[in-house]
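Close look at the chain arrangement
Each chain, written out:
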Amino acid sequence: MKLSVLDQSVICKGESASTALQKTVKLAQITEDLGYTRFWVAEHHNTNGIAGSSPEILISHIASNTEKICVGSGGVLLPQYAPYKIAENFKLLEALFPNRIDVGIGRSPGGSTTTRLALTDGLRKSLNEFPRQLKDLQGFLHNQLPVDHPFYDVQALPVTDRIPELWLLGITHRGARLAAENGTAFTYGHFITPLNGTRAMDYYYQHFQPSPTLTKPKANVCVFVVCASTQERAEELALSQDLWLLAVEKGIDTRIPSVEEAKATSLTFDQRMILKENRKRMIIGTPQKVKSEILRLSEKYRTEEFMIISNIYNFENKIEIYRLLAESLL
């Protein structure tokens, strides 16, 4: 089993963005020592509770403060940017930190229509261009664009011995299909929706087409995990994540509340139903229970690598989650 990390640099109530980013770096250092394989950071915009708005910058800082763990994006919002610029950014990162850089990309619009337009400087770019952009990104990473491509004579520099590993992030079989057709690695976002996972992963494995850098399918799954010595304690710690997810879905204050605030918050019937559905995106419990659930998902999704995300309030408790998982599964 391989364990990896997705961290969103979420800001806890009463703390600053700077503190959240410092915690991200500290978590990378700790999980590296625990034997985790990758550490990915996310990209969010116009969201007051998430400090991670530029994964490329954060990747460079994390890689500078660690020694061997692979560092990457989960993921860069390709529809908002030029594939050429993404290729240059990640090839430069690869040159700085050889054999340690992953480039994970997603199709998400990245926020509201206005936010997206701000990212594209007012240019209305269609999400339908994503398949073409993916091919262009691969072409620029390898400097192997078709001869009839308008940018055929443009190289993405610097030249590196290794090309950053390309991962496509998805939550449906359509994302899996695109990864399979283009021969990229695939990450399924169970932490976003568990409903489509089996179909997506089955499609990816069945239809994978080898590419110059990936000869056979390679996939992992990202899931929310809250783990503690007892089930009761794990359920209690998860309350801050529960309330945070409700806030994210409303688009309001997306800083993580404390467990005490979560306990004191009165929820409507509809909110309790949402919370119940959200729990399907998580594994919550003792190390034994979490291990059993991850092994079950490993068989279901046919993968031995899981990316763990845990957005709870207390950082020491968060570290303990990753330590308990390492002791149980690595």
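Above this text sits the structure in question.
In this report, the structure presented in the accompanying data block is examined. (Residues numbered from 1 in each chain as written. Predicted model: local features only at pLDDT ≥ 70, side-chain atom pairs only at ≥ 80, totals over all residues. Heavy atoms only, no water.)

A count of helices and strands for the protein chain gives 12 helices and 10 strands. Relative to its length of 330 residues, the protein chain is compact, with a C-alpha radius of gyration of 19 Å against a globular reference of 20 Å. Along the first, second and third principal axes, the C-alpha set of the protein chain runs to 60 × 40 × 40 Å. Taken across its 330 residues, the protein chain has 53% of its residues classed as buried. When contacts within the protein chain are restricted to residue pairs at least 6 apart in sequence, those whose partners lie at least 24 apart make up 72%. Approximately 15,000 Å² of the protein chain is accessible, and the part contributed by carbon and sulfur atoms is 52%. Separation of charge centres in the protein chain, based on 37 positive and 36 negative side chains, amounts to 4 Å. (Helix = DSSP H or I, 4+ residues; strand = E, 2+ residues; numbered from the N terminus. Rg over C-alpha atoms; globule rule 2.2 N^0.38 Å. Buried < 20%, exposed > 50% of the residue type's maximum accessible area, 1.4 Å probe, protein only. Contact = heavy atoms within 4.5 Å. Areas by Shrake-Rupley, 256 points an atom, 1.4 Å probe, with all protein chains shown as cover. Lys, Arg positive; Asp, Glu negative; His and termini not counted. Charge placed at Lys NZ, Arg CZ, Asp CG, Glu CD.)

Another aspect to go through is unusual backbone geometry. The linkage connecting glycine 74 with the following residue, glycine 75, adopts the cis geometry, with an omega of -5°. Relative to the helices and strands, glycine 75 resides in the loop between strand 3 (70-73) and strand 4 (76-77). For the bond from leucine 157 to proline 158, the omega torsion is 10°, close enough to zero to count as cis. Mapping proline 158 onto the fold places it in the loop between helix 5 (130-142) and strand 6 (165-170). In this structure, serine 9 is a non-glycine residue whose phi angle is positive, near 50°. With respect to the element layout, serine 9 can be found in the loop between strand 1 (2-7) and helix 1 (17-34). Although it is not a glycine, asparagine 99 adopts a positive phi angle of roughly 65°.

So, on to the pattern of salt bridges. Per the stated rule, a full pass over the model turns up 21 salt bridges. With a closest N to O distance of 2.8 Å, lysine 218 and glutamate 165 form a salt bridge. Linking lysine 218 in the loop between helix 7 (197-207) and strand 8 (219-227) with glutamate 165 in strand 6, this pair joins segments that are 53 residues apart in sequence. The salt bridge involving lysine 263 is made with glutamate 236; its shortest N-O contact spans 2.4 Å. Note that lysine 263 is positioned in helix 9 (residues 259-264) and glutamate 236 in helix 8 (residues 231-250), a separation of 27 residues in sequence. Each of Arg38, Asp102, Glu165, Lys218 and Glu305 takes part in a single network of salt bridges with overlapping partners. (Salt bridge = Lys/Arg side-chain N within 4 Å of Asp/Glu carboxyl O.)

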